[in-house]
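This is what each chain is made of:
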Amino acid sequence: MHGVIGGTLARSAWTARSGRYLLGTLMTATVTLVAAPLLCLPALATPWAEHHRRRAGVLLDRPLGPRPRALRRDLAWLAIQVAIGVPAGGVALLGLGNLLLTLVVGVAWWAFPPSDPPRLLLLGDPVDGWVPALTLNLAQFLLLAALAGLALPPLAGAHARCCLAVLAPSPTERLAARVTELTRTRADVLQAHGAELRRIERDLHDGTQARLVAIAIRLAVAGQSLPQDPDAAAVLVRQARAETEEAMTELRSVIRAVYPPVLADQGLRGALGTLATRAGVPTRIDVGELGEVPAAVEAVAYFAVTEALANVARHSGASRAAVRVAREGMNLSAAITDDGTGGADADRGSGLDGIRRRAAALDGTLRISSPPGGPTVVTVELPCA
């Protein structure tokens, strides 16, 4: 019973949404027809076409990326919008208008003059009392509502798909955009690679190399002082041994930054479990069935989760966080959620921008939902093929 009611409400909401879309289409088609000379100007044609494209994407729940400017296609949409928008919107206006009129007649038939009572749209019988209002008129209302539910959603969907098809980039434009994106990500990868090499060189030079030089000096002094002062030489050897252990620790830190050994030892699932124990806030880890994941994808996913949790601990003021990693088709998806203050933005040069660069290097994407007041959801999707 609850399922039937829920399905009916869902269909009614979708019908209402489709009706609003078609009525808006009728209005914009009328504006297009009236203001066609102005809308043919490039400065107005492109934003007008983009407005329709966004409306269609929202109706069909399709994410839309940027598209190249194409005036010829935008002008073609003006003509197509008038040709199909006016009839489609007219059908919606006729159906919803009669539905509203039937509803008004059913509750306010008594307000009409007795000499000229309202009549049923389909049968023509007068509605001059509560009996016809609650029987024949109600049956007409339900019939019209059913017809609207059958006709409006497919009509709105067809119009929206036509809009997206007309305004979609051509294969040549998609290829050019793809080449541009690959060129940009290649430059980002080279820049990030150079920065990583400089960081590793700096860590080795300032840390490990300095300790190795100190060890060599101590061992040399110990060798010189061993015949005269064995106790002093033993102290120097012990200091050199301590320096050796610290140098090994720093080397392991550098190696971990290049490719965490825990990934090779335990895989992504185990590495994330270990990471949760070191996070600055209580973190719940949920890893689904991942199958075979390339090592490069595992590394980027691990670094993305690491950086996201570091941001949570440093900036969000969150009391808890959650990480969910799952395989979705050919993609690996990692979603990091926290209950902090929100406002995260990768464009401000934070660690999120580094995550975006790493993901883009593998043709992946980064999505951020972080309204003021939270919660924040950072989602990284990486292709595994």
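Predicted model only: the values in this text are computed from it and were never measured.

Procedures and definitions
Every chain is numbered independently, its residues counted from 1 as its sequence is written. Owing to the predicted nature of the model, reporting of local features is limited to residues with pLDDT of at least 70; listing and counting of side-chain atom pairs is limited to 80 or more, with chain, interface and lining totals taken over all residues. Calculation of side-chain values draws on the structure's entire complement of heavy atoms; hydrogens and water are dropped beforehand. We place a 1 Å grid over just the protein atoms. Points where a 1.4 Å probe fits but has no way out form a cavity, open points with protein on both sides within 12 Å along at least 5 of 7 lines form a pocket, and any residue with an atom within 4 Å of a point lines it. Grid points are joined across faces, edges and corners, and a volume is the space filled by probe spheres set on the points. Helix and strand assignments come from DSSP, with helices taken as H or I runs of at least 4 residues and strands as E runs of at least 2, each series counted from the N terminus. By this definition, two strands are paired if DSSP reports at least two bridges between them. Only the stretch in contact is used when fitting a helix axis, every axis being a line fitted to C-alpha atoms; angles between N-to-C directions are given from 0 to 180 degrees. Angular relationships are summarised with four words: roughly parallel below 35 degrees, roughly antiparallel beyond 145, roughly perpendicular across 65 to 115, and oblique for the angles in between. By definition, turning the near helix anticlockwise from the far helix through less than a right angle yields a left-handed crossing, and turning it clockwise yields a right-handed one. All residues other than Ala, Val, Leu, Ile, Met, Phe, Trp, Tyr, Cys, Pro, Asp, Glu, Lys and Arg, Gly among them, are scored as polar; the first ten of these are nonpolar and the last four charged. It only takes one pair of heavy atoms within 4.5 Å for two residues to be counted as in contact. Type-normalised accessible area, obtained with a 1.4 Å probe on protein chains alone, sets the label of each residue: buried when under 20%, exposed when over 50%, and partly exposed for intermediate values. Helix span is expected to be 1.5 Å times the residue number reduced by one. Stacked, tilted and edge-to-face pairs are distinguished by plane angle, under 30 degrees for stacked and over 60 for edge-to-face with tilted covering the rest, among Phe, Tyr and Trp rings (Trp via its six-membered ring) whose centres lie within 6.5 Å. Here, a charge over a ring means that NZ of Lys or CZ of Arg falls within 6 Å of the ring centre while also lying within 35 degrees of the ring normal. Residues form patches when they are more than 30% accessible in relative terms and have no salt bridge. Like charges link within 9 Å. Nonpolar side chains (Val, Leu, Ile, Met, Phe, Trp, Tyr) link within 5 Å. Surface accessibility in these figures is a Shrake-Rupley result with a 1.4 Å probe; residues are shielded only by whichever protein chains are displayed. Salt bridges are identified by distance alone: a Lys or Arg side-chain nitrogen within 4 Å of an Asp or Glu carboxyl oxygen.

1. Here's the deal with the layout of surface pockets
Here is step 1 of the chain: When its volume is computed, the second largest pocket comes out at roughly 480 Å³.
Here is step 2 of the chain: In terms of lining residues, the second largest pocket is bounded by 16 residues, among which R53, L64, G65, P66 and A177 are the most central.
Here is step 3 of the chain: Looking at the lining of the second largest pocket, the elements that each hand over two or more residues are helix 6 (136–167) and helix 7 (171–225).
Here is step 4 of the chain: Per-element accounting of the lining of the second largest pocket gives the leading share, five residues, to helix 7.

2. What about the pairing of strand 4 (residues 365–369)?
Here is step 1 of the chain: In this structure, strand 4 lies alongside strand 5 (residues 376–383), joined through five bridges in antiparallel fashion. Considered in strand 5, the bridge of R367 is made with T379.
Here is step 2 of the chain: Between strand 4 and strand 5, which pair antiparallel one after the other, the connecting turn spans six residues, and G373 there sits at a positive phi close to 95°.

3. Looking at the packing of helix 4 (residues 71–108) against helix 6
Here is step 1 of the chain: Helix 6 packs onto helix 4 with a crossing angle of 170° between their chain directions and a minimal axis gap of 10 Å. On the basis of their axis angle, the class for helix 4 and helix 6 is roughly antiparallel. Relative to helix 6, helix 4 is oriented so that their crossing is left-handed.
Here is step 2 of the chain: Classifying every residue of the contact of helix 4 with helix 6 gives 19 nonpolar, eight polar and two charged.

4. Some points on the sheet that holds strand 3 (residues 331–338)
Here is step 1 of the chain: Spatial ordering of the open sheet is given by 1-2-3-5-4, a layout of five strands whose pairing is mixed. Strands at the two margins of the open sheet, each flanked by one partner only, are strand 1 (283–287) and strand 4. The mean inter-strand angle of the sheet, taken between neighbouring strand axes irrespective of direction, is 10°.
Here is step 2 of the chain: As paired strands, strand 1 and strand 2 (residues 321–328) are joined by five bridges and run parallel to one another. In the sheet register, I285 faces strand 2, and the bridge partner there is V323.
Here is step 3 of the chain: Across the sheet, helix 10 (residues 295–316) touches strand 1, strand 2, strand 3 and strand 5, and the angle it forms with strand 3 is around 10°.
Here is step 4 of the chain: Strand contacts of helix 11 (residues 351–361): strand 4 and strand 5, with the helix running at about 150° to strand 4, the strand carrying the most contacts.

5. Structural notes on unusual backbone geometry
Here is step 1 of the chain: Within the chain, D61 stands out as a residue other than glycine whose phi angle is a positive 55°.
Here is step 2 of the chain: Along the chain, the position of D61 falls in the loop between helix 3 (42–60) and helix 4.
Here is step 3 of the chain: Judged by relative accessible area, which is 67%, D61 ranks as exposed.
Here is step 4 of the chain: Phi angles above zero are rare outside glycine, and D363 is one such case at about 65°.
Here is step 5 of the chain: Considering the arrangement of structural elements, one finds D363 in the loop between helix 11 and strand 4.

6. As for helix 3
Here is step 1 of the chain: Between its terminal C-alpha atoms helix 3 stretches 27 Å, which fits the 27 Å expected from 19 residues at 1.5 Å a residue.
Here is step 2 of the chain: Along helix 3, the residues classified as buried are A45, T46, W48, A49, E50, H52, R53, R55, A56, G57, L59 and L60.
Here is step 3 of the chain: Trailing helix 3 by a residue or two, D61 shows a phi angle of about 55°, which is positive.

7. Here we look at the packing of aromatic side chains
Here is step 1 of the chain: All told, the structure shown has one aromatic pair when counted by the stated rule.
Here is step 2 of the chain: Between Y302 and F303 the ring centres are 6.0 Å apart and the planes differ by 70°, which places this aromatic pair in the edge-to-face class. A single burial state applies to Y302 and to F303, both of which are buried.
Here is step 3 of the chain: One cation-aromatic arrangement involves R358 over F303; the distance from NZ or CZ to the ring centre is 4.5 Å.

8. Let's talk about the packing of helix 10 against helix 11
Here is step 1 of the chain: Contact geometry for helix 10 and helix 11: axes closest at 9 Å, N-to-C directions at 170°. As the angle between them shows, helix 10 and helix 11 are arranged roughly antiparallel. Contacts from V300, F303, A304, E307, A308 and N311 in helix 10 reach G351, L352, I355, R358 and A359 in helix 11.
Here is step 2 of the chain: By residue class, the composition of the contact of helix 10 with helix 11 is seven nonpolar, two polar and two charged.

9. A few points about a nonpolar patch on the surface
Here is step 1 of the chain: A surface patch of nonpolar side chains, amounting to about 350 Å² of accessible area, comprises L100, L103, V104 and V107.
Here is step 2 of the chain: For L103, the position within the fold is in helix 4.
Here is step 3 of the chain: For L103, a relative accessible area of 42% corresponds to the partly exposed category.

10. Examining the pattern of salt bridges
Here is step 1 of the chain: By the definition in use, this model includes five salt bridges.
Here is step 2 of the chain: Residue R324 is joined to D286 by a salt bridge in which the shortest nitrogen-to-oxygen separation is 3.9 Å. Placement of R324 in strand 2 and of D286 in strand 1 is noted, with a sequence separation of 38 residues between them.
Here is step 3 of the chain: Exposure remark for R324: the relative accessible area of 46% places this residue in the partly exposed category.
Here is step 4 of the chain: Residue D286 is classed as partly exposed on the basis of its relative accessible area of 34%.
Here is step 5 of the chain: Two residues, D339 and R320, come together in a salt bridge whose shortest N-O distance is 3.3 Å. Taken as a pair, D339 in the loop between strand 3 and helix 11 and R320 in the loop between helix 10 and strand 2 lie far apart in primary sequence, 19 residues in all.

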